[in-house]
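A structural walkthrough
Residues per chain are reported as follows:
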Amino acid sequence: MSDQIKFIVDNLNNEPFKKNYNLITFDSLGPMQLLQVLNDVLSEIDSKQDVDIREEMPEQTAKRMLSLLGILKYKPPGNATDMSTFRQGLVIGSKPVIYPVLHWLLQRSNELKKRAYLARFLIKLEVPSEFLQDETVADTNKQYEELMEAFKALHKECEQLKTSGFSTAEIRRDISAMEEEKDQLIKRVERLKKRVETVQNHQRMLKIARQLRVEKEREEFLAQQKQEQKNQLFHALQRLQRVQNQLKSMRHAAADAKPESLMKRLEEEIKFNSYMVTEKFPKELENKKKELHFLQKVVSEPAMGHSDLLKLESKVSEVNTEINQLIEKKMMRNEPIEGKLSLYRQQASIISRKKEAKAEELQEAKEKLANLEREVSVKTHQTREFDGTEVLKGEEFKRYVSKLRSKNTVFKKKHQIIAEFKAEFSLLQRTEELLKQRQEAIQHQLQTIEEKKGVSGYSYTQEELERVSALKSEVDEMKGRTLDDMSEMVKKLNSLVSEKKSALAPVIKELRQLRQKCQELTQECDEKKSQYDSCAAGLESNRSKLEQEVRGLREECLQEESKYHYTNCMIKNLEVQLCRATDEMKVYVSSDQQEKRKAIREQYTKNITEQENLGKKLREKQKTVRESHGPNMKQAKMWRDLEQLMECKKQCFLKQQNQTSIGQVIQEGGKDRLVL
């Protein structure tokens, strides 16, 4: 309570009130004076409240103050929750009612000024429904609501402009610079128009240039749309990859998983998510809100200088010293119950910190996993764009490696066979060359013989006929071979399709069963989730109610404690005064003269008599001075005249001495002699 009164007195002594109160004078104010002080504070918040309460009825004063406090959303403290007692205390000017109101008003005066200003325009007038049946009244009410919404929008814009940091001088400079640029552009456009008017078909050229500009803008817009669609496609592919990975993981987990393990995993996820939602995220949200509020407060305040920083540092050091003193007092108490509770509190705090650390580690691991999955999806997308193939993972990659190894052995064998074939091919090529040479020689001999016999070209035609017949037979063989191959391929494909169907039939059956199980589990999970949400909402509402009750009880406890300290201080002061009064009475009543001399009354009477004697002496002295003032002044004047006369004689003597010192007459033997 004393801190509250001190805060009120300090604020009332500052601008714009300038009351010049101290704690004693403020505490000694009467009910009417307290109500007038409260009215002055309310008039500073709302100028309509500037009224002299002596010229107003108490009921009207209470009604006016209560209406304004209701607009300002003031809630009475714990000891004044009953509105009738609060209203009665406000009417009679009760200190326990008015002190909290003054403290609340002075603590947030700027915010309340803004709220009172907005209340003038935003408190809606309730019009009865029977009056709204009239068209003019309904139109007026609608126009009134539209104006109210327009005022809200304009006020928001005004607040945004105030907090945006733009100054009117900068905006004016920008406007003037923009107007100058506008004038320059208009002049340039006029000059260009004059130049263009001399050119033939300038209107057609301007039209074409305008169309070109429109097409360029359209091209930019289409390019932007294309980029956006590419981004959307990339995000969709990432989402598809993520969903496919989730599907693979779900299938892999469902292949060898049991309902018990799935339920256990779901319960762990639910516990983790509930911890994150109920404990971690609200704390982080509260911290972020506090940081945001602090930053908004820092932004809204004016720029601070070095002196302001020094003041803040001194305040911080004072608060730290007070905290240290309170900690020392608490440690000096050494309450055993508190000592036992402190151990449990320490253990609880250590466990909560460990829990928060593990939750943060798990959250970081999940974020790392998500980032890695995102990187993997990006890399797979890039590889798919490069060569159109997918990146293998896990068992597929192992199978691919084993295939590569088997192919490598086959490749080595084939490579050795190819080397043997190459060596044999080189031998056959050499033999072919030798045989061709021999054939050419034999052919040359045959041509010479045919020319001698007169049947040249016979061998050539026979060879051509044999070659054509051989080609025909080869083509026939190829046709028959291709038909056989096609029939065999069709048989093989049919057999493969039937084998795949028979192999996939049990898998499809298992997949159907698993889908049914998945649907049942998802339904059960949704039901459990809805139950959990309803239970969490009920617990949250109960927790909020309990928090409100605890807050109200704490405020009540603080007020009662402040009242207790205030009454203790007053009792101590009165006890000291009572002790002094009893000591004085004992000394005054006692028969001992020495004790009586120690009494304050005797000391004061002695001082009074001494001062009275001194005053009598001074008055007598004043009387003698007044009586001898005239003769003393005459005597002083005579002494001054005598002093002037003696000074004049001194000057005359000095002049005469200077004149006689020019020469000296000496008489010797009847002769006069002048010595210079």
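Bear in mind that the values here come from a model prediction, so they are computed numbers and not experimental data.

Reading guide: rules and limits
Residues numbered from 1 in each chain as written. Predicted model: local features only at pLDDT ≥ 70, side-chain atom pairs only at ≥ 80, totals over all residues. Heavy atoms only, no water. Helix = DSSP H or I, 4+ residues; strand = E, 2+ residues; numbered from the N terminus. Buried < 20%, exposed > 50% of the residue type's maximum accessible area, 1.4 Å probe, protein only. Contact = heavy atoms within 4.5 Å. Areas by Shrake-Rupley, 256 points an atom, 1.4 Å probe, with all protein chains shown as cover. Patch = residues over 30% accessible without salt bridge, like charges linked within 9 Å, V, L, I, M, F, W, Y side chains within 5 Å. Salt bridge = Lys/Arg side-chain N within 4 Å of Asp/Glu carboxyl O. Core = buried A, V, L, I, M, F, W, Y, C linked by side-chain atoms within 4.5 Å. Lys, Arg positive; Asp, Glu negative; His and termini not counted. Charge placed at Lys NZ, Arg CZ, Asp CG, Glu CD. Expected span 1.5 Å × (residues − 1). Axes fitted to C-alpha atoms, helices over the stretch in contact; angles between N-to-C directions. Parallel < 35°, antiparallel > 145°, perpendicular 65-115°, else oblique. Left-handed = near helix turned anticlockwise from the far one by under 90°.

A count of helical and extended segments in the protein gives 18 helices and two strands. For the protein, buried positions account for 11% of its 676 residues. In the protein, 55% of the contacts between residues at least 6 apart in sequence involve partners at least 24 apart. Summed over its atoms, the accessible surface of the protein is roughly 58,100 Å², and 57% of this surface lies on carbon and sulfur atoms.

On the surface, Trp639, Leu642, Leu645 and Met646 cluster together into a nonpolar patch covering about 440 Å² of accessible area. Note that Leu642 resides in helix H18 (residues 629-660). The partly exposed category is assigned to Leu642, whose relative accessible area is 39%.

Turning our attention to the side chain of Asn39. Among the secondary structure elements, Asn39 is positioned in helix H3 (residues 31-45). Ignoring anything within four residues of it in the chain, the contact list for Asn39 reads Gln49, Val51, Ile53, Arg64 and Met65.

With that settled, the discussion passes to the nonpolar core. Leu12, Phe26, Leu38, Leu72, Leu102 and Leu105 are the most contacted members of the largest nonpolar core, which has 33 residues in total. Within the residue set of this core, elements represented by two or more residues are helix H1 (2-13), H3, helix H4 (58-71), helix H5 (83-92), helix H6 (95-107) and helix H7 (109-122). For this core, the element with the most residues is H6, which contributes eight residues. Among residues more than four places away in sequence, those in contact with Leu38 are Met65, Leu90, Ile98, Val101, Leu102 and Leu105.

A cluster of basic side chains, namely Lys187, Arg188, Arg191 and Arg195, defines a positive patch on the protein surface. If you trace the backbone, Arg188 turns up in helix H9 (residues 168-197).

The end-to-end C-alpha distance of H7, which contains 14 residues, comes to 19 Å, matching closely the 20 Å that a straight helix rising 1.5 Å per residue would cover. Among the residues making up H7, those that are buried are Leu112, Ala116, Leu118 and Ala119. Contacts made by the buried residues of H7 are with H3, H4, H6 and helix H8 (135-163).

The subject of this paragraph is H3. Between its terminal C-alpha atoms H3 stretches 21 Å, which fits the 21 Å expected from 15 residues at 1.5 Å a residue. Along H3, the positions that sit buried rather than exposed are Leu34, Leu35, Val37, Leu38, Asn39, Asp40, Val41, Leu42, Ser43 and Ile45. Residues of H3 that are buried make contact with H1, helix H2 (23-27), H4, H5, H6 and H7.

Turning next to the packing of H3 against H4. Where H3 meets H4, the axes come as close as 12 Å, and the angle between the chain directions of the two elements is 40 degrees. Taken together, the axes of H3 and H4 lie oblique to each other. Along this stretch, H3 crosses H4, giving a crossing that reads as left-handed. Seen from H3, the contacting residues are Leu35, Leu38, Asn39 and Leu42; seen from H4, they are Arg64, Met65, Leu68 and Leu69.

What follows deals with the side chain of Asn141. Turning to its location among the elements, Asn141 is positioned in helix H8. Ignoring sequence-local partners within four residues, the contact set of Asn141 consists of Val127 and Leu132.

The next point concerns the packing of H1 against H6. Across the interface, H1 lies against H6 with an axial gap of 10 Å and an inter-helix angle of 55 degrees. Here H1 is positioned oblique relative to H6, judged by the angle of their axes. As for the relative orientation of H1 and H6, their crossing is left-handed in sense. Every residue of H6 that contacts H1 at Gln4, Ile5, Phe7, Ile8, Asn11 and Leu12 is listed here: Tyr99, Pro100, Leu102, His103, Leu106 and Gln107.

Moving on, we get to a negative patch on the surface. Taken together, the side chains of Glu179, Glu180, Glu181 and Asp183 define an acidic patch exposed on the protein surface. Looking at the element boundaries, Glu181 is found in helix H9.

Here we take up the pattern of salt bridges. Under the definition given, this model contains 10 salt bridges. For Glu44, the salt bridge is made with Lys113, and the minimal N-O distance between the two is 3.5 Å. With Glu44 in helix H3 and Lys113 in helix H7, this pair connects stretches of sequence that are 69 residues apart. With its nearest N and O atoms 3.9 Å apart, the salt bridge here joins Glu361 to Lys358. Residue Glu361 and its partner Lys358 are located together in helix H13 (residues 336-387), separated by three residues, close to a single helical turn.

With respect to the helices, strands and loops of the structure, Leu122 is situated in helix H7. Residues Leu122 and Phe151, 29 residues apart in the sequence, show an inter-C-alpha distance of 8.4 Å. If near-sequence neighbours (up to four positions away) are discounted, Leu122 is found in contact with Met148, Phe151 and Lys152.

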